[in-house]
Amino acid sequence: MNAGTSLAAIAVVVLSTVLIAVHGLRLSRTTGDFYVASRTVRPWWNASAIGGEYLSAASFLGIAGLIVVSGQDALWFPIGYTAGYLMLLLFVAAPLRRSGAYTLPDFAQIRLGSRVARLVTSVLVVMVGWLYIVPQLHGAALTLGITTGLPGWLGAGLVMAVVCLTVLAGGMRSITFVQAFQFWLKLGALAVPTVFMLLQLGVAGRSPTGNGLAFDLPPAAIGSSGIYGTISLIVALLFGTLGLPHVLVRFYTNPDGPSARRTTAIVLGLLSVFYLFPTVLGVLGRLHLPELALAGNADATVLLLPERIVGGTAGNLLTAVVIGGAFAAFMSTTSGLVVSLAGVMSQDLFGGTVRGFRYATVLASVIPLLLALGTSTLALAGAIGSVFAFTASTLCPLLLLGIWWRRLTAAGAVAGMLTGAVGCAAAMAAASLVPGLSGLAREVAVQPAAWTVPLAFLVTVVVSLATAGQTSRTTTAVMTRLHAPERAAPVPPRP
Amino acid sequence: MTGPGTPPPAGRPPAAGRVRVTAPEGAPLGLARRRAADDPAAEFYVRSLIRSQLRLSLSVALGFLLLLLCLAVVVAAWPQIHAIRILTIPLPWIVLGIGVYPIILLGAFLYNRASARYEARYRDVTGE
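Residues numbered from 1 in each chain as written. Chains lettered and ligands numbered in written order. Predicted model: local features only at pLDDT ≥ 70, side-chain atom pairs only at ≥ 80, totals over all residues.

Draft legend 1. Region of the structure containing the overall build of chain B. Counting its regular elements, chain B contains 2 helices and 2 strands. Each of the 128 residues in chain B was classed as buried or not, and the buried ones make up 20%. Contacts spanning at least 24 positions in sequence make up 45% of the contacts within chain B whose residues lie at least 6 apart. (Helix = DSSP H or I, 4+ residues; strand = E, 2+ residues; numbered from the N terminus. Buried ≥ 20, exposed ≤ 12 C-beta atoms within 10 Å, placed from the backbone. Contact = placed C-beta atoms within 7 Å.)

Draft legend 2. Looking closely at the overall build of chain A. Each helix and strand counted, chain A has 22 helices and 0 strands in total. Long-range pairs, those at least 24 residues apart, make up 83% of the contacts in chain A with a sequence separation of at least 6.

Draft legend 3. View of helix 3 (residues 43-54) of chain A. All names here are of chain A. Helix length check: helix 3, at 12 residues, gives a terminal C-alpha distance of 16 Å against a target of 16 Å (1.5 Å per residue), a fit within 8%. Counted residue by residue, helix 3 has 10 buried out of 12 residues, so it is predominantly covered. All buried positions along helix 3 are accounted for by Pro-43, Asn-46, Ala-47, Ser-48, Ala-49, Ile-50, Gly-51, Gly-52, Glu-53 and Tyr-54. (Expected span 1.5 Å × (residues − 1).)

Draft legend 4. Highlighting the nonpolar core. Residue and element names in this part refer to chain A. Core analysis: the biggest nonpolar cluster contains 186 residues, and Leu-86, Leu-137, Val-159 and Val-235 have the highest contact counts within it. No other element matches the 18 residues that helix 16 (residues 312-349) contributes to this core. In this structure, Val-235 is in contact with Ala-392, Ala-449, Ala-450 and Val-453, ignoring residues within four places of it in sequence. (Core = buried A, V, L, I, M, F, W, Y, C linked by C-beta atoms within 7 Å.)

Draft legend 5. Fine view of the confidence of the model for chain B. All names here are of chain B. Per-residue confidence for chain B averages 73 on the pLDDT scale, and 70% of its residues sit at or above 70. Mean pLDDT values over the elements of chain B span from 78, in strand 1 (residues 85-86), up to 87, in helix 2 (residues 91-126). Within the model, the stretch residues 1-11 combines pLDDT values under 50 with 10 contacts to residues more than four positions away or in other chains. Here residues 24-37 is a poorly scored stretch, pLDDT under 50, and it has 25 contacts once near neighbours within four places are set aside; other chains count. Quick note on the complex model: pTM equals 0.83, ipTM equals 0.81. (pLDDT = per-residue confidence, 0-100.)

Draft legend 6. Representation of the environment of Thr-394 of chain A in the model. Residue and element names in this part refer to chain A. Structurally, Thr-394 can be placed in helix 18 (residues 380-404). Put simply, Thr-394 and Met-127 are 267 residues apart on the chain and 11 Å apart in space, counted from C-alpha to C-alpha. Not counting residues within four places of it along the chain, the set of residues in contact with Thr-394 comprises Leu-124, Gly-243, Met-417, Gly-420, Ala-421 and Ala-456.

Draft legend 7. Quick peek at the packing of helix 5 (residues 76-91) of chain A against helix 11 (residues 227-243) of chain A. Residues and elements named next belong to chain A. Running from N to C, helix 5 and helix 11 cross one another at 45°; their axes reach a closest spacing of 7 Å. With respect to helix 11, the element helix 5 is oriented oblique. The handedness of the crossing between helix 5 and helix 11 comes out as right-handed. Contact with helix 5, carried on its side by Trp-76, Phe-77, Gly-80, Tyr-81, Ala-83, Gly-84, Tyr-85, Met-87, Leu-88 and Phe-91, involves Thr-230, Leu-233, Ile-234, Leu-237, Leu-238, Phe-239, Gly-240, Thr-241 and Leu-242 of helix 11 and no other residues of that element. Grouping the constituent residues of the contact of helix 5 with helix 11 by class yields 14 nonpolar, 5 polar and no charged. (Axes fitted to C-alpha atoms, helices over the stretch in contact; angles between N-to-C directions. Parallel < 35°, antiparallel > 145°, perpendicular 65-115°, else oblique. Left-handed = near helix turned anticlockwise from the far one by under 90°. Nonpolar A, V, L, I, M, F, W, Y, C, P; charged D, E, K, R; others polar.)

Draft legend 8. The environment of Leu-165 of chain A, seen in detail. Residue and element names in this part refer to chain A. Checked against the element boundaries, Leu-165 lands in helix 9 (residues 152-203). Given 17 C-beta atoms within 10 Å, Leu-165 falls into the partly exposed group. Remark: the alpha-carbon pair of Leu-165 and Thr-361, spanning 196 residues in sequence, is separated by 9.1 Å.

Draft legend 9. Just the environment of Arg-358 of chain A, in detail. All names here are of chain A. Locating Arg-358 in the fold gives a position in helix 17 (residues 354-374). The class for Arg-358 is partly exposed, based on 19 C-beta atoms found within 10 Å. Separated by 150 residues in the primary sequence, Arg-358 and Pro-208 place their C-alpha atoms 49 Å from one another.

Draft legend 10. Main features of the confidence of the model for chain A. Residues and elements named next belong to chain A. Chain-level pLDDT for chain A is 80 on average; 87% of the residues reach the 70-or-more range. Taken element by element, chain A is modelled with least confidence in helix 2 (residues 31-36), mean pLDDT 51, and with most confidence in helix 21 (residues 449-466), mean pLDDT 91. Taken together, the stretch residues 489-495 has pLDDT below 50 and engages in 1 contact with residues farther than four places along the chain or on a different chain.

Below is the structure:
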């Protein structure tokens, strides 16, 4: 591996990110610009930005790695990541845009009229954000370590520093440009090497699948997950997407409800195309890099494949392209999370000013960096799966019932969120702390979503019904606002 | 959103030519009542809009979830399906790796169209 080309690729991505952020700074002037880009972002831009933000280390490196390790079971991850957006489209996109809230805690307050519900939501959003950033930084550490031999913490520190600076410089407006750019960068960084490697194999007369051998290799993991594990994973991924703070904040940048729906549909198309490539790379990895699964380093599959299959200068260049894309993935997801966390924290801690947003940005960056440096790398796709399970059991009931059920009360929402959080945290603690778990008991602990999500919904509904007298007085007005279409008048002309 | 021309909040006034901007504070967050929320007829129309939208979303979601569940069960309960291959690729890999995505897109497209139709009907009825 040529460390020089790798470092050059990282430098190019970092510099172009900073340049685009600075360009965006000239357009960013008011608090509205900082938080939600003044709601003037077009669906295609916004969809690219959402895709850019969403495709994290888990998508870019983790899926191919997981396919190498566990084969066919891993295909459920990209399905869940994509179908989560279908759920978002069906239940959340347009009403959330119309709610007029900046952040999820704003939504809780508008809908429930309760400071307590707002505070609990804020705390959960910040926790989800931090937990989601940590695997991105682990991915950065892995990439830098494996491709250049430099110590991994440098990679994590570099990503966090660049993200912190770009967010400080431009806020959301520049982030939208950065994210949109990074989606196409990531897609290209996987598509070009994939096509090149397939061509190389084709020219050499070798079957890309090893005449089907790639699919026959047994899973190297502890054994493929059973039907419970698969269903629980699907529940977590489908409903976890609904509550992800960096995803939600994007919807406020659409001009109106219908454009929020259009944006989401475009995102689905973008994701469907993108996920073809990690899947193909995973299959190639099963054939050409099976030893990574045993070494516990499968997340490096995408990074090492070009060198293994193509080799030489071309292999080096392709590796550099992949590394650039990987860093784009870490930075875009991390910056999206930092923006949304800073938005939440600055509203609740610093009075919602631009200066408060900047303090909050630093806070939102430093803490996950410390967490990442203090913990060891897990399998990326699995780590992200746990965050999805947590989000699905906490923030998803608030959103879904808040948007669609008039009788939701603040007490019900808070009770549901706390139940989901405690249940999920207990399951994950049991999975990592209790050694003797095996079989179904282990799966129930590792993949808790199938029981924590229904439980959280149930508690929310039961407590809401028990406190039926306490629905927010503005419920009817808010429900009207969420669901009634915008007046036809202020539609800006298409450019 | 505070725009240019709005008086700055209390405290030290900003320098000439600059406008201090802050996020809206407190509970209302710009919750101006849109349309006559107190008007029973208007509320009836909104309620029926919400009901039809929810029914639409639920049917698309349940249909899709059922499809996923069937796929998961078939793949888990019938391992021989692995032997059916197209261009050396086993059928479950093709269905899960490629085939599901066009279905997701189709669902999204149909949902968007139907949802916009409901809203157009609401606009017609309420005369907006």
